[in-house]
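# Architecture and fold: a report
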Amino acid sequence: MTATESDLLVEQAIATLKPVLERFQNELFAPVLHRLLEMHALDAELEGMKAENTHRLDCGLSIAYGDEAFNQLAERYRALKETNQ
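Read on for a plain summary of the structure.

Quick notes on the rules
Residues numbered from 1 in each chain as written. Predicted model: local features only at pLDDT ≥ 70, side-chain atom pairs only at ≥ 80, totals over all residues. Heavy atoms only, no water. Helix = DSSP H or I, 4+ residues; strand = E, 2+ residues; numbered from the N terminus. Buried < 20%, exposed > 50% of the residue type's maximum accessible area, 1.4 Å probe, protein only. Contact = heavy atoms within 4.5 Å. Areas by Shrake-Rupley, 256 points an atom, 1.4 Å probe, with all protein chains shown as cover. Salt bridge = Lys/Arg side-chain N within 4 Å of Asp/Glu carboxyl O.

## Observations regarding the overall build of the protein
In terms of regular secondary structure, the protein is built from three helices and zero strands. Mapped from its N terminus to its C terminus, the protein presents α and β elements in the order α-α-α. Counting across all 85 residues of the protein, residues that qualify as buried make up 16%. Restricting the contact set of the protein to residue pairs at least 6 apart, pairs at least 24 apart contribute 55%. Summed over all atoms, the accessible surface of the protein reaches about 6,400 Å², with 56% contributed by carbon and sulfur.

## Quick look at the environment of A41
Of note, A41 is situated in helix α2 (residues 29–58). Note: C-alpha distance between A41 and V10 (31 residues apart in sequence) is 5.8 Å.

## Side note on the side chain of N53
Its place among the elements puts N53 in helix α2. For N53, the residues in contact, after removing those within four places along its chain, are I63, A64, Y65 and F70.

## Considering the pattern of salt bridges
Within the structure shown, the criterion is met by four salt bridges. The salt bridge involving E45 is made with R76; its shortest N-O contact spans 3.0 Å. Of this pair, E45 sits in helix α2 while R76 sits in helix α3 (residues 67–83); the two residues are 31 residues apart in sequence, bridging distant segments of the chain. Taking relative accessible area as the criterion, R76 reaches 41% and is therefore assigned partly exposed.

## Description of the environment of V20
Structurally, V20 is set in helix α1 (residues 3–23). Overall, V20 belongs to the partly exposed group, its relative accessible area being 27%. Among residues more than four places away in sequence, those in contact with V20 are F29 and L33.

Here you go:
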C-alpha cells in the first residue's frame, strides 16, 4: 500500500462515517467513532510510511522515514490511547 492509497482509504472512511458522526454528534457514540477514525488514520499513516520506505529501498534510494519519524508516530498512538482512558 502506498502513502497515496493510505490517504485515500482514510478519506473514504471519513466520508463514509461523517454522516454518522453528524447524526450522533451529541451522543456518546460520536466520540467513540471519532477515536476509531483517529486510530485508523494513524494505522494508515504507519502503513504509508512503511510502504514509502520499501519503495525507496527498492529503487536504490535511502529511506524517507527513520527511527525518529516512527517514534513520533508511536507517541501519537500513546497520546491517543491515554485520551481514551
